Amino acid sequence: MKKFLVAFLTVAILFALQTTVSADSSNKDDYLIMFDGPAEKGILKAFDIDEEDIHFESEILPVYHLELTEKQAKLVENHPQIKYVEEDAEAEAHYQTTPYGIDLVQASDVHPYGYYGQGIRVAVLDTGIDSSHEDLHVYGGHSVFSTWPESDPYYDGNGHGTHVAGTVAALNNSYGVIGVAPEAHLFAVKVLDSNGGGSYSGIAEGIEWSIVNDMDIINMSLGGSTDSSILEAYSDYAYNQGILVIAAAGNSGNAWGSGDNVGYPAKYDSVMAVAAVDQNENRASFSSTGPAVEISAPGVDVLSTYPNNNYTSLNGTSMASPHVAGVAALVWHYKPYYSNVQLRSVLNQTAKPLGNSDHYGNGLVQAYDAMVH
Ligand SMILES: [Ca+2]
Ligand SMILES: [Ca+2]
(Lines give C-alpha, C1' and ligand atoms only; values in the text may rest on other atoms or scores of the structure.)
(Ligands and ions follow the chains in the order given, each with its own letter.)
Protein backbone atom coordinates (compact mmCIF):
# COMPACT_ATOMS: atom_id res chain seq x y z
CA MET A 1 0.00 0.00 0.00
CA LYS A 2 2.77 2.38 1.02
CA LYS A 3 4.79 1.51 -2.07
CA PHE A 4 1.83 2.36 -4.24
CA LEU A 5 1.45 5.72 -2.55
CA VAL A 6 5.10 6.57 -3.09
CA ALA A 7 4.89 5.59 -6.73
CA PHE A 8 1.80 7.69 -7.17
CA LEU A 9 3.42 10.73 -5.55
CA THR A 10 6.47 10.40 -7.77
CA VAL A 11 4.34 10.35 -10.86
CA ALA A 12 2.35 13.31 -9.66
CA ILE A 13 5.46 15.36 -8.92
CA LEU A 14 7.05 14.48 -12.25
CA PHE A 15 3.94 15.47 -14.02
CA ALA A 16 3.78 18.76 -12.14
CA LEU A 17 7.41 19.50 -12.98
CA GLN A 18 6.92 18.73 -16.60
CA THR A 19 3.91 21.00 -16.79
CA THR A 20 5.84 23.88 -15.28
CA VAL A 21 8.78 23.41 -17.60
CA SER A 22 6.70 23.34 -20.73
CA ALA A 23 4.72 26.39 -19.67
CA ASP A 24 7.94 28.30 -19.19
CA SER A 25 9.65 27.34 -22.39
CA SER A 26 7.25 27.22 -25.28
CA ASN A 27 3.74 28.39 -24.34
CA LYS A 28 2.99 31.61 -26.11
CA ASP A 29 0.17 34.00 -25.40
CA ASP A 30 -1.31 36.87 -27.34
CA TYR A 31 0.03 40.31 -26.47
CA LEU A 32 -0.39 43.88 -27.61
CA ILE A 33 2.73 46.00 -27.45
CA MET A 34 3.22 49.69 -28.17
CA PHE A 35 6.48 51.46 -28.90
CA ASP A 36 7.41 54.74 -27.27
CA GLY A 37 7.89 56.64 -30.52
CA PRO A 38 8.02 55.08 -33.99
CA ALA A 39 7.83 51.30 -34.29
CA GLU A 40 11.13 49.54 -34.91
CA LYS A 41 10.62 46.00 -36.07
CA GLY A 42 14.33 45.29 -35.70
CA ILE A 43 13.96 45.47 -31.93
CA LEU A 44 11.40 42.66 -32.06
CA LYS A 45 13.80 40.51 -34.11
CA ALA A 46 16.43 41.04 -31.42
CA PHE A 47 14.10 39.32 -28.94
CA ASP A 48 13.80 36.25 -31.20
CA ILE A 49 10.29 37.18 -32.24
CA ASP A 50 9.71 35.59 -35.63
CA GLU A 51 7.58 37.02 -38.42
CA GLU A 52 5.07 34.21 -37.89
CA ASP A 53 4.49 35.36 -34.30
CA ILE A 54 3.41 38.81 -35.48
CA HIS A 55 -0.33 38.83 -36.25
CA PHE A 56 -0.95 42.49 -36.86
CA GLU A 57 1.07 45.63 -37.41
CA SER A 58 -0.91 48.83 -36.89
CA GLU A 59 -0.73 51.56 -39.51
CA ILE A 60 -1.87 54.38 -37.24
CA LEU A 61 -0.20 53.60 -33.89
CA PRO A 62 3.17 51.98 -33.15
CA VAL A 63 1.29 48.88 -32.01
CA TYR A 64 1.85 45.19 -32.72
CA HIS A 65 -0.38 42.21 -31.95
CA LEU A 66 1.97 39.27 -31.48
CA GLU A 67 2.63 36.05 -29.63
CA LEU A 68 5.18 36.06 -26.86
CA THR A 69 6.37 33.68 -24.21
CA GLU A 70 6.18 34.99 -20.67
CA LYS A 71 9.95 35.38 -20.70
CA GLN A 72 9.96 37.33 -23.97
CA ALA A 73 7.19 39.58 -22.65
CA LYS A 74 9.28 40.49 -19.61
CA LEU A 75 12.32 41.27 -21.73
CA VAL A 76 10.32 43.37 -24.20
CA GLU A 77 8.69 45.27 -21.36
CA ASN A 78 12.10 46.32 -20.01
CA HIS A 79 13.28 47.73 -23.33
CA PRO A 80 13.48 51.56 -23.16
CA GLN A 81 11.79 51.98 -26.56
CA ILE A 82 8.73 49.94 -25.56
CA LYS A 83 5.98 51.89 -23.84
CA TYR A 84 3.34 49.22 -23.11
CA VAL A 85 3.13 45.43 -23.04
CA GLU A 86 -0.32 44.03 -22.38
CA GLU A 87 -1.64 40.50 -22.48
CA ASP A 88 -4.55 40.44 -24.93
CA ALA A 89 -7.91 40.53 -23.08
CA GLU A 90 -11.11 38.75 -24.01
CA ALA A 91 -14.08 40.76 -25.15
CA GLU A 92 -17.56 39.92 -26.30
CA ALA A 93 -20.63 41.81 -27.43
CA HIS A 94 -22.67 42.92 -24.44
CA TYR A 95 -26.02 44.28 -25.34
CA GLN A 96 -29.63 43.64 -24.51
CA THR A 97 -32.46 44.32 -26.92
CA THR A 98 -35.63 45.92 -25.65
CA PRO A 99 -38.52 44.46 -27.69
CA TYR A 100 -40.92 47.21 -28.84
CA GLY A 101 -43.73 45.81 -26.68
CA ILE A 102 -41.79 46.57 -23.51
CA ASP A 103 -41.87 50.25 -24.45
CA LEU A 104 -45.46 50.16 -25.73
CA VAL A 105 -46.86 48.90 -22.40
CA GLN A 106 -44.75 51.48 -20.49
CA ALA A 107 -42.62 48.85 -18.73
CA SER A 108 -39.57 50.83 -19.88
CA ASP A 109 -40.97 53.84 -18.04
CA VAL A 110 -41.07 52.12 -14.65
CA HIS A 111 -37.92 49.93 -14.82
CA PRO A 112 -35.60 52.92 -14.26
CA TYR A 113 -37.31 53.47 -10.88
CA GLY A 114 -36.42 49.94 -9.80
CA TYR A 115 -39.81 48.35 -10.37
CA TYR A 116 -39.38 44.93 -11.95
CA GLY A 117 -42.29 42.94 -10.52
CA GLN A 118 -40.05 41.56 -7.77
CA GLY A 119 -41.27 38.24 -6.38
CA ILE A 120 -44.71 38.17 -8.01
CA ARG A 121 -45.45 34.51 -8.82
CA VAL A 122 -46.59 33.98 -12.41
CA ALA A 123 -47.78 30.55 -13.58
CA VAL A 124 -47.26 30.11 -17.32
CA LEU A 125 -49.75 27.41 -18.39
CA ASP A 126 -48.16 26.40 -21.66
CA THR A 127 -45.77 23.99 -23.44
CA GLY A 128 -43.24 24.15 -20.59
CA ILE A 129 -40.34 26.59 -20.19
CA ASP A 130 -36.74 25.82 -21.18
CA SER A 131 -35.31 26.56 -17.74
CA SER A 132 -31.72 26.27 -19.01
CA HIS A 133 -32.21 29.36 -21.17
CA GLU A 134 -29.55 31.95 -20.33
CA ASP A 135 -32.12 34.77 -20.18
CA LEU A 136 -34.73 33.09 -17.96
CA HIS A 137 -34.95 32.10 -14.32
CA VAL A 138 -37.65 29.50 -13.65
CA TYR A 139 -38.57 29.06 -9.98
CA GLY A 140 -40.63 25.88 -10.19
CA GLY A 141 -43.16 23.98 -12.19
CA HIS A 142 -45.35 21.00 -12.91
CA SER A 143 -46.33 18.91 -15.91
CA VAL A 144 -49.74 17.31 -16.36
CA PHE A 145 -48.17 14.70 -18.67
CA SER A 146 -46.84 11.40 -17.37
CA THR A 147 -44.48 10.21 -20.11
CA TRP A 148 -41.03 11.63 -20.63
CA PRO A 149 -40.03 14.09 -22.02
CA GLU A 150 -43.46 15.76 -21.80
CA SER A 151 -43.45 14.99 -18.07
CA ASP A 152 -40.62 17.53 -17.65
CA PRO A 153 -42.02 21.06 -17.24
CA TYR A 154 -38.56 22.48 -17.94
CA TYR A 155 -38.41 20.80 -21.34
CA ASP A 156 -40.17 22.84 -24.03
CA GLY A 157 -40.24 20.82 -27.23
CA ASN A 158 -42.39 23.45 -28.90
CA GLY A 159 -40.95 26.86 -27.99
CA HIS A 160 -44.29 28.57 -27.36
CA GLY A 161 -44.05 28.47 -23.55
CA THR A 162 -40.43 29.65 -23.49
CA HIS A 163 -41.40 32.58 -25.72
CA VAL A 164 -44.38 33.53 -23.53
CA ALA A 165 -42.20 33.26 -20.40
CA GLY A 166 -39.62 35.64 -21.87
CA THR A 167 -42.21 38.32 -22.51
CA VAL A 168 -43.28 38.12 -18.87
CA ALA A 169 -39.84 37.99 -17.28
CA ALA A 170 -36.75 37.71 -19.51
CA LEU A 171 -33.91 38.82 -17.27
CA ASN A 172 -32.51 42.33 -17.13
CA ASN A 173 -28.82 41.73 -17.89
CA SER A 174 -26.40 42.56 -20.69
CA TYR A 175 -27.70 40.10 -23.28
CA GLY A 176 -30.79 38.77 -25.04
CA VAL A 177 -34.05 40.57 -24.38
CA ILE A 178 -35.81 42.08 -21.36
CA GLY A 179 -39.27 41.04 -20.20
CA VAL A 180 -42.05 43.27 -18.89
CA ALA A 181 -41.36 42.20 -15.28
CA PRO A 182 -37.83 40.74 -15.24
CA GLU A 183 -37.88 39.99 -11.52
CA ALA A 184 -41.26 38.28 -11.41
CA HIS A 185 -40.99 34.59 -10.49
CA LEU A 186 -41.80 32.28 -13.40
CA PHE A 187 -43.42 28.87 -12.89
CA ALA A 188 -43.60 26.39 -15.76
CA VAL A 189 -46.99 24.69 -15.67
CA LYS A 190 -46.97 22.35 -18.63
CA VAL A 191 -50.47 21.70 -19.93
CA LEU A 192 -49.62 21.62 -23.67
CA ASP A 193 -47.35 19.07 -25.36
CA SER A 194 -44.58 19.61 -27.90
CA ASN A 195 -47.15 19.92 -30.68
CA GLY A 196 -48.85 22.71 -28.74
CA GLY A 197 -51.83 20.47 -28.05
CA GLY A 198 -53.61 19.86 -24.78
CA SER A 199 -56.97 19.31 -23.19
CA TYR A 200 -59.39 21.07 -20.86
CA SER A 201 -58.64 18.44 -18.20
CA GLY A 202 -54.96 19.41 -18.42
CA ILE A 203 -55.76 23.12 -18.13
CA ALA A 204 -57.96 22.36 -15.11
CA GLU A 205 -55.09 20.44 -13.49
CA GLY A 206 -52.73 23.33 -14.23
CA ILE A 207 -55.13 25.84 -12.64
CA GLU A 208 -55.47 23.58 -9.61
CA TRP A 209 -51.67 23.34 -9.26
CA SER A 210 -51.49 27.14 -9.48
CA ILE A 211 -54.03 27.59 -6.69
CA VAL A 212 -52.40 24.99 -4.41
CA ASN A 213 -48.95 26.46 -5.03
CA ASP A 214 -49.94 30.01 -4.24
CA MET A 215 -49.54 31.68 -7.61
CA ASP A 216 -50.40 35.39 -7.90
CA ILE A 217 -51.06 35.42 -11.64
CA ILE A 218 -52.04 32.72 -14.14
CA ASN A 219 -51.19 33.33 -17.80
CA MET A 220 -52.99 31.13 -20.30
CA SER A 221 -51.78 31.80 -23.83
CA LEU A 222 -54.11 29.06 -25.03
CA GLY A 223 -57.73 28.32 -25.60
CA GLY A 224 -60.40 26.31 -27.32
CA SER A 225 -63.71 26.96 -28.99
CA THR A 226 -65.70 24.61 -26.73
CA ASP A 227 -67.57 26.05 -23.74
CA SER A 228 -67.02 24.02 -20.58
CA SER A 229 -68.83 24.60 -17.28
CA ILE A 230 -66.08 22.77 -15.43
CA LEU A 231 -63.26 24.85 -16.99
CA GLU A 232 -65.29 27.92 -16.07
CA ALA A 233 -65.66 26.64 -12.50
CA TYR A 234 -61.89 26.22 -12.27
CA SER A 235 -61.26 29.72 -13.64
CA ASP A 236 -63.80 31.20 -11.22
CA TYR A 237 -62.32 29.29 -8.31
CA ALA A 238 -58.81 30.63 -9.04
CA TYR A 239 -60.19 34.17 -9.34
CA ASN A 240 -62.13 33.84 -6.09
CA GLN A 241 -58.91 32.68 -4.40
CA GLY A 242 -57.34 36.05 -5.28
CA ILE A 243 -55.43 35.04 -8.41
CA LEU A 244 -55.44 37.34 -11.44
CA VAL A 245 -56.36 35.10 -14.39
CA ILE A 246 -55.29 36.25 -17.87
CA ALA A 247 -55.77 34.50 -21.21
CA ALA A 248 -55.25 35.06 -24.93
CA ALA A 249 -58.49 36.15 -26.62
CA GLY A 250 -57.72 33.83 -29.54
CA ASN A 251 -56.50 34.06 -33.12
CA SER A 252 -59.89 33.52 -34.80
CA GLY A 253 -60.38 37.12 -35.92
CA ASN A 254 -60.72 38.32 -39.49
CA ALA A 255 -59.46 41.35 -41.43
CA TRP A 256 -62.80 43.17 -40.97
CA GLY A 257 -62.85 42.59 -37.24
CA SER A 258 -66.36 41.22 -37.41
CA GLY A 259 -67.97 38.50 -35.37
CA ASP A 260 -67.89 37.17 -31.82
CA ASN A 261 -65.03 34.67 -31.76
CA VAL A 262 -63.20 35.02 -28.42
CA GLY A 263 -62.15 31.57 -27.18
CA TYR A 264 -62.32 29.81 -23.81
CA PRO A 265 -61.21 30.29 -21.08
CA ALA A 266 -60.69 33.96 -22.09
CA LYS A 267 -64.42 34.40 -22.61
CA TYR A 268 -65.31 33.62 -18.98
CA ASP A 269 -66.05 36.60 -16.73
CA SER A 270 -63.32 35.62 -14.27
CA VAL A 271 -60.64 35.70 -16.98
CA MET A 272 -59.12 38.77 -18.68
CA ALA A 273 -59.32 38.28 -22.48
CA VAL A 274 -56.32 39.89 -24.19
CA ALA A 275 -56.40 41.05 -27.83
CA ALA A 276 -53.31 41.67 -29.99
CA VAL A 277 -52.09 44.93 -31.53
CA ASP A 278 -49.04 45.68 -33.67
CA GLN A 279 -46.25 48.20 -33.18
CA ASN A 280 -48.54 51.00 -34.42
CA GLU A 281 -51.25 50.05 -31.91
CA ASN A 282 -53.50 48.72 -34.66
CA ARG A 283 -55.47 45.53 -34.16
CA ALA A 284 -53.78 42.41 -35.55
CA SER A 285 -56.03 40.99 -38.27
CA PHE A 286 -56.01 37.56 -36.58
CA SER A 287 -56.99 38.88 -33.15
CA SER A 288 -60.35 37.54 -31.98
CA THR A 289 -63.15 40.05 -31.57
CA GLY A 290 -66.35 40.41 -29.58
CA PRO A 291 -67.75 41.86 -26.36
CA ALA A 292 -65.55 39.58 -24.25
CA VAL A 293 -62.33 41.36 -25.36
CA GLU A 294 -61.15 43.14 -22.22
CA ILE A 295 -57.73 44.67 -22.89
CA SER A 296 -55.02 44.83 -25.61
CA ALA A 297 -51.26 44.30 -25.79
CA PRO A 298 -48.55 43.79 -28.42
CA GLY A 299 -48.93 40.51 -30.34
CA VAL A 300 -47.34 41.07 -33.76
CA ASP A 301 -43.61 40.42 -34.37
CA VAL A 302 -42.93 39.98 -30.68
CA LEU A 303 -39.27 39.21 -29.99
CA SER A 304 -38.64 36.89 -27.04
CA THR A 305 -36.73 33.89 -25.74
CA TYR A 306 -36.78 30.52 -27.53
CA PRO A 307 -35.39 27.11 -26.49
CA ASN A 308 -31.65 26.39 -26.61
CA ASN A 309 -30.62 29.99 -25.87
CA ASN A 310 -32.32 31.26 -29.00
CA TYR A 311 -34.50 34.31 -29.59
CA THR A 312 -37.27 34.66 -32.15
CA SER A 313 -40.26 36.78 -33.15
CA LEU A 314 -43.76 35.32 -33.05
CA ASN A 315 -47.32 36.53 -33.71
CA GLY A 316 -50.47 35.82 -31.75
CA THR A 317 -52.73 36.82 -28.91
CA SER A 318 -50.52 34.28 -27.09
CA MET A 319 -47.79 36.93 -27.24
CA ALA A 320 -50.17 39.69 -26.08
CA SER A 321 -51.42 37.93 -22.94
CA PRO A 322 -47.99 37.73 -21.21
CA HIS A 323 -47.54 41.49 -21.69
CA VAL A 324 -50.62 41.98 -19.52
CA ALA A 325 -49.38 39.37 -17.02
CA GLY A 326 -46.07 41.24 -16.80
CA VAL A 327 -47.74 44.63 -16.31
CA ALA A 328 -49.95 43.10 -13.62
CA ALA A 329 -46.80 41.85 -11.86
CA LEU A 330 -45.22 45.32 -12.02
CA VAL A 331 -48.29 46.99 -10.53
CA TRP A 332 -48.85 44.30 -7.91
CA HIS A 333 -45.28 44.54 -6.68
CA TYR A 334 -45.73 48.30 -6.34
CA LYS A 335 -49.16 48.08 -4.70
CA PRO A 336 -49.20 44.71 -2.91
CA TYR A 337 -52.33 45.66 -0.96
CA TYR A 338 -54.46 45.54 -4.11
CA SER A 339 -56.85 42.61 -4.40
CA ASN A 340 -56.95 40.88 -7.78
CA VAL A 341 -60.30 42.58 -8.42
CA GLN A 342 -58.82 46.03 -7.69
CA LEU A 343 -55.76 45.32 -9.82
CA ARG A 344 -57.90 44.22 -12.74
CA SER A 345 -60.05 47.31 -12.41
CA VAL A 346 -57.03 49.64 -12.41
CA LEU A 347 -55.49 47.91 -15.45
CA ASN A 348 -58.76 48.42 -17.31
CA GLN A 349 -59.29 52.02 -16.16
CA THR A 350 -55.78 53.11 -17.13
CA ALA A 351 -55.56 51.27 -20.46
CA LYS A 352 -55.02 53.61 -23.42
CA PRO A 353 -58.28 53.73 -25.41
CA LEU A 354 -57.78 52.54 -29.00
CA GLY A 355 -61.33 52.57 -30.33
CA ASN A 356 -63.86 49.81 -31.00
CA SER A 357 -64.20 47.90 -27.73
CA ASP A 358 -65.03 44.66 -29.54
CA HIS A 359 -61.54 44.90 -31.03
CA TYR A 360 -59.52 46.47 -28.24
CA GLY A 361 -61.57 46.14 -25.07
CA ASN A 362 -60.50 49.00 -22.79
CA GLY A 363 -57.39 49.55 -24.89
CA LEU A 364 -53.63 49.14 -24.58
CA VAL A 365 -52.41 48.04 -21.12
CA GLN A 366 -50.19 50.73 -19.52
CA ALA A 367 -47.81 50.01 -16.64
CA TYR A 368 -46.84 53.55 -15.66
CA ASP A 369 -50.38 54.92 -15.76
CA ALA A 370 -51.64 51.99 -13.69
CA MET A 371 -48.93 52.45 -11.09
CA VAL A 372 -49.49 56.18 -10.60
CA HIS A 373 -53.28 55.76 -10.67
CA1 LIG B 1 -31.77 39.88 -20.93
CA1 LIG C 1 -63.33 37.34 -19.89
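Worth saying up front: this structure is predicted, and the values here are computed from it rather than measured.

1. Section: the coordination of the calcium ion (ligand 1)
Every protein donor of the calcium ion (ligand 1) is listed here as Gln96 (OE1), Asp135 (OD), Asp135 (OD), Leu171 (O), Asn173 (OD1), Tyr175 (O) and Val177 (O), and their distances to the metal cover 2.3 to 2.7 Å. Between consecutive donor residues of the calcium ion (ligand 1), the sequence gaps follow Q-x38-D-x35-L-x1-N-x1-Y-x1-V.

2. Things to note about helix H7 (residues 200-212)
Look at H7: 18 Å from first C-alpha to last across 13 residues, which is about the 18 Å you get at 1.5 Å a residue. Buried within H7 we find Gly202, Ile203, Ala204, Gly206, Ile207, Trp209, Ser210 and Ile211. The inward-facing, buried residues of H7 abut strand S5 (121-126), strand S6 (138-143), strand S7 (185-190), strand S8 (217-220) and helix H8 (229-240). One or two steps after H7, the chain reaches Asp214, where phi turns positive at roughly 65°.

3. Observations regarding the packing of aromatic side chains
We describe a pair of aromatic rings using the distance from one ring centre to the other and the angle between the two ring planes. With the rule as written, the count across this model stands at five aromatic pairs. Aromatic pair Phe187 and Trp209: ring centres 6.3 Å apart, planes at 50°, arrangement tilted. One end of the pair, Phe187, is in strand S7; the other, Trp209, is in helix H7, and 22 residues separate them in sequence. The exposure classification of Phe187 matches that of Trp209, with both residues buried. Between Tyr337 and Tyr338 the ring centres are 5.6 Å apart and the planes differ by 70°, which places this aromatic pair in the edge-to-face class.

4. A short note on the nonpolar core
One recurring pattern in soluble globular proteins is that nonpolar side chains are buried together. Formed by 54 residues in total, the largest nonpolar core has its most connected members in Ile217, Leu244, Ile246 and Leu347. For this core, the element with the most residues is helix H9 (residues 317-334), which contributes 10 residues. When near neighbours in sequence (up to four residues on either side) are disregarded, Ile246 contacts Ile217, Ile218, Asn219, Met220, Val271, Met272, Val274, Ser321, Val324, Ala325 and Ala328. The next biggest cluster of nonpolar side chains, apart from the first, holds 30 residues, and it includes Leu192, Ile203, Val271 and Ala273.

5. Some remarks on the domain arrangement of the protein
Taken as a whole, the protein is organised into domain 1 (27-91) and domain 2 (100-372). A C-alpha centroid distance of 56 Å is found between domain 1 and domain 2.

6. With respect to the UniProt feature "domain: Peptidase S8/S53" (unreviewed entry) in the protein
Taking the UniProt record as the reference, the feature "domain: Peptidase S8/S53" (unreviewed entry) is found at residues 117-363. Helix makes up 28% of residues 117-363 and strand 19%, and the two end C-alpha atoms of the span are 22 Å apart.

7. What about the sheet that holds strand S4 (residues 82-87)?
The antiparallel open sheet is built from four strands, whose spatial order is S2-S3-S1-S4. The open sheet has two free edges, formed respectively by strand S2 (54-57) and S4, since each of these has just one partner strand. Averaged over all adjacent pairs, the angle separating strand axes in this sheet is 20°, with direction ignored. Here strand S1 (residues 29-35) runs beside strand S3 (residues 63-68); their pairing, made up of six bridges, is antiparallel. Its bridge partner lying in S3, Asp30 is registered against Glu67.

About the cut-offs
Residues numbered from 1 in each chain as written. Chains lettered and ligands numbered in written order. Predicted model: local features only at pLDDT ≥ 70, side-chain atom pairs only at ≥ 80, totals over all residues. Heavy atoms only, no water. Donors = N, O, S within 2.8 Å, 3.2 Å for Na, K, Ca; no water. Helix = DSSP H or I, 4+ residues; strand = E, 2+ residues; numbered from the N terminus. Expected span 1.5 Å × (residues − 1). Buried < 20%, exposed > 50% of the residue type's maximum accessible area, 1.4 Å probe, protein only. Contact = heavy atoms within 4.5 Å. Phe/Tyr/Trp six-rings, centres within 6.5 Å; stacked < 30°, edge-to-face > 60°. Core = buried A, V, L, I, M, F, W, Y, C linked by side-chain atoms within 4.5 Å. Domains from an automatic or database assignment. UniProt positions renumbered as here; feature names shortened; annotations may be inferred. Pairing = 2+ DSSP bridges. Axes fitted to C-alpha atoms, helices over the stretch in contact; angles between N-to-C directions.

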